[in-house]
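The primary structure of each chain is shown beneath.
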Amino acid sequence: MKTTRNRYSADFKAKVALEAIRGDLTLAELGSKHGIHHTMIAAWKRQAIDGMASTFAGASEVARASGEAEIDKLHSKIGQLVVERDFLAKAFGR
């Protein structure tokens, strides 16, 4: 018996999370309304609340965070290339 996982769109998750944040219905009621387990709705609600800070943070903080990730990625690539260069230099006797 093979079952496939349901994949929900970001719009649907946002809509359900917003309903959960409003608090008009309990998580169990929302779960039965949308056919989703209440723990999944709670996780989406938590993600939405945690993500709200980045909405108001501004572009500079988001750019800084992505820039730091890019710098870390580039540093690891540089390290890999240095190791490869040293290996090839030893192999060819230079």
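How each quantity is defined
- Residues numbered from 1 in each chain as written.
- Predicted model: local features only at pLDDT ≥ 70, side-chain atom pairs only at ≥ 80, totals over all residues.
- Heavy atoms only, no water.
- Helix = DSSP H or I, 4+ residues; strand = E, 2+ residues; numbered from the N terminus.
- Buried < 20%, exposed > 50% of the residue type's maximum accessible area, 1.4 Å probe, protein only.
- Core = buried A, V, L, I, M, F, W, Y, C linked by side-chain atoms within 4.5 Å.
- Contact = heavy atoms within 4.5 Å.
- Axes fitted to C-alpha atoms, helices over the stretch in contact; angles between N-to-C directions.
- Left-handed = near helix turned anticlockwise from the far one by under 90°.
- Nonpolar A, V, L, I, M, F, W, Y, C, P; charged D, E, K, R; others polar.
- Salt bridge = Lys/Arg side-chain N within 4 Å of Asp/Glu carboxyl O.
- Polar contact = N/O pair within 3.5 Å; in protein donor to acceptor, adjacent residues only side chain to side chain.

(A) A look at the overall build of the protein chain. In terms of regular secondary structure, the protein chain is built from four helices and zero strands. Its helices and strands taken in sequence order, the protein chain reads α-α-α-α from the N to the C terminus. Based on the C-alpha atoms only, the size of the protein chain along its principal axes is roughly 75 × 45 × 15 Å. Put simply, the protein chain has 94 residues, and 11% of those count as buried.

(B) Structural detail: the nonpolar core. Counting residues in each nonpolar core, the largest one holds seven residues, listed as Val16, Ala17, Ala20, Leu30, Ile36, Ile41 and Trp44. Of all the elements in the fold, those that place two or more residues in this core are helix H1 (10-22) and helix H3 (38-57). Here this core takes three residues from H1, the largest share from any one element. Excluding anything up to four places from it in sequence, Ala17 contacts Trp44, Lys45 and Ala48.

(C) A look at the packing of H1 against helix H2 (residues 27-34). One can describe the packing of H1 onto H2 by two numbers: an axis separation of 10 Å at closest approach and a directional angle of 150°. Along this stretch, H1 crosses H2, giving a crossing that reads as right-handed. Mapping the contact onto sequence places Phe12, Lys15, Val16, Glu19 and Ala20 in H1 and Leu27, Leu30, Lys33 and His34 in H2. In terms of residue class, the contact of H1 with H2 is made up of five nonpolar, one polar and three charged.

(D) Just the pattern of salt bridges, in detail. The tally for this structure, following the rule as stated, stands at two salt bridges. Between Glu19 and Lys33 there is a salt bridge whose closest N-O contact spans 3.2 Å. In this pair, Glu19 sits in helix H1 while Lys33 sits in helix H2, placing the two residues 14 residues apart along the sequence. A relative accessible area of 14% means that Glu19 is categorised as buried.

(E) Here's a closer look at the side chain of Glu19. Of the polar contacts made by the side chain of Glu19, one reaches the side chain of Lys33; its length is 3.2 Å. Those residues in contact with Glu19, other than ones at most four positions away along the chain, are Asp24, Leu30, Lys33 and His34.

(F) Focus on the environment of Lys15. Along the chain, the position of Lys15 falls in helix H1. Accessibility expressed as a relative area gives 44% for Lys15, which makes it partly exposed. Along the chain, Lys15 and Thr39 lie 24 residues apart, while their C-alpha atoms are 16 Å from each other.

(G) Expanded view of the side chain of His34. If you trace the backbone, His34 turns up in helix H2. The class of His34 is buried, set by a relative accessible area of 19%. Among the polar contacts made by the side chain of His34, one reaches the side chain of Glu19 at a distance of 3.3 Å. In contact with His34, not counting residues within four places along its chain, are Phe12, Lys15, Val16 and Glu19.

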